[in-house]
Amino acid sequence: MKIHLHIESDLQQIEVHIHAPEYNETVEQLMKKLKQQSVSDHIAGYKDSNIHLLQVHEVFSIYSDNGKVYIQTDDEEFEAKNKLYELEQRLEQQFIRINKATLVNLKKITSIQSKVLGNPQIVLANDATIPVSRNYFKALKEALGLGGTLRWKTFLLVLWSACLS
């Protein structure tokens, strides 16, 4: 892999161009890493006619209810003007969907309660429990490093990184 840096004083922001012979997993991982770096660390939350800039790392969950989207922090709840899927795309590196209506901050998950009958639940650092849909459980386990395929992907990424060094 070749890396080139061009400093152009007339640019208003950083631009990244990737030139590759084909689209493959290496390019995909590189794009995800760059996208993760460019994601804003704030979300706009609305409450009492005020706009609050919430730090992403302070958000526990984001959920939709009756056509509205809500952002939950440790002690407050705010309304979002974005659709749930928009926030999911924007925050895909920090948040994961656990059911049809809820995204949770991966760093705020403290445990998963498996139930013999019924769906498992996650417990967040603020002691909130949220049910996990079976449709999203496998992706949650992989995101937390509990699934077998993640270990294989991690191995490949480590191997790829070692080849670059």
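Scroll up for the structure.
Novice: For this particular structure, what's the right way to read the overall build of the chain?
Specialist: For the chain, the helix and strand inventory stands at four helices and ten strands. When the elements of the chain are put in sequence order from the N terminus, they spell out α-β-β-β-β-β-α-β-β-β-β-β-α-α. When contacts within the chain are restricted to residue pairs at least 6 apart in sequence, those whose partners lie at least 24 apart make up 41%. About 12000 Å² of surface is accessible on the chain, with carbon and sulfur atoms providing 51% of the total.

Novice: Sorry, what's going on with the packing of aromatic side chains here?
Specialist: Between two aromatic rings, the relevant description is the distance of the centres plus the angle of the planes. One pass over the full model with this rule turns up one aromatic pair. Lying across the ring of Phe78, Lys47 places its NZ or CZ 5.5 Å from the centre. The ring of Phe60 has Lys108 lying over it, and the distance from NZ or CZ to the ring centre is 4.7 Å.

Novice: Can you walk me through unusual backbone geometry in this structure?
Specialist: Backbone geometry follows two general trends: most residues other than glycine have a negative phi, and most peptide bonds adopt the trans configuration. Even without being glycine, Ser49 reaches a positive phi, approximately 65°. As for its placement among the helices and strands, Ser49 is situated in the loop between strand E1 (42-47) and strand E2 (50-55). Although it is not a glycine, Asn66 adopts a positive phi angle of roughly 55°. You can see Asn66 is positioned in the loop between strand E3 (61-65) and strand E4 (68-72).

Novice: Explain the pairing of strand E7 (residues 102-105) here, please?
Specialist: Working note: regular strand, side chains alternate between the two faces of the sheet. Both faces of E7 are covered, namely the face carrying Thr102 and Val104 and the face carrying Leu103 and Asn105. As judged from the three bridges shared by E3 and E7, these two strands associate in the antiparallel manner. The residue bridging Ser61 from the neighbouring strand is Val104, located in E7. Counting the residues between successive antiparallel strands, the hairpin from strand E6 (residues 95-99) to E7 contains two residues.

Novice: I would appreciate a short explanation of the layout of surface pockets in the present structure.
Specialist: Over the atoms, a rolled probe matching the size of one water molecule traces out where space is still vacant. Put simply, the second largest pocket is a space of about 910 Å³. Considering the residues around the second largest pocket, the lining is formed by 26 residues, among which Lys2, His4, Val16, His17 and Ile18 are closest to the centre. Broken down by secondary-structure element, the contributors of at least two residues to the lining of the second largest pocket are helix H1 (25-38) and helix H4 (148-164). Residue contributions to the lining of the second largest pocket peak at four residues, all from H1. In terms of residue class, the lining of the second largest pocket is built from 15 nonpolar, seven polar and four charged.

Novice: What's the story with the pattern of salt bridges in this structure? I'm lost.
Specialist: Oppositely charged side chains may form a pair once their charged atoms are brought near each other. Scanning the model with the defined rule gives two salt bridges in all. Where Lys47 meets Glu76, a salt bridge forms, and the shortest distance between an N and an O atom there is 3.1 Å. On the criterion of sequence distance, the pair formed by Lys47 in strand E1 and Glu76 in the loop between E4 and strand E5 (77-80) is long-range, its members being 29 residues apart. Since its relative accessible area comes to 28%, Lys47 is described here as partly exposed. Judged by relative accessible area, which is 34%, Glu76 ranks as partly exposed. Residue Arg97 is joined to Glu88 by a salt bridge in which the shortest nitrogen-to-oxygen separation is 2.9 Å. For Arg97, a relative accessible area of 12% puts it in the buried group.

Conventions adopted
Residues numbered from 1 in each chain as written. Predicted model: local features only at pLDDT ≥ 70, side-chain atom pairs only at ≥ 80, totals over all residues. Heavy atoms only, no water. Helix = DSSP H or I, 4+ residues; strand = E, 2+ residues; numbered from the N terminus. Contact = heavy atoms within 4.5 Å. Areas by Shrake-Rupley, 256 points an atom, 1.4 Å probe, with all protein chains shown as cover. Phe/Tyr/Trp six-rings, centres within 6.5 Å; stacked < 30°, edge-to-face > 60°. Lys NZ or Arg CZ within 6 Å of the ring centre and 35° of its normal. Buried < 20%, exposed > 50% of the residue type's maximum accessible area, 1.4 Å probe, protein only. Pairing = 2+ DSSP bridges. 1 Å grid on protein atoms, 1.4 Å probe; cavity = no way out; pocket = protein on both sides within 12 Å on 5 of 7 lines; lining within 4 Å. Points joined across faces, edges and corners; volume = space filled by probe spheres on them. Nonpolar A, V, L, I, M, F, W, Y, C, P; charged D, E, K, R; others polar. Salt bridge = Lys/Arg side-chain N within 4 Å of Asp/Glu carboxyl O.

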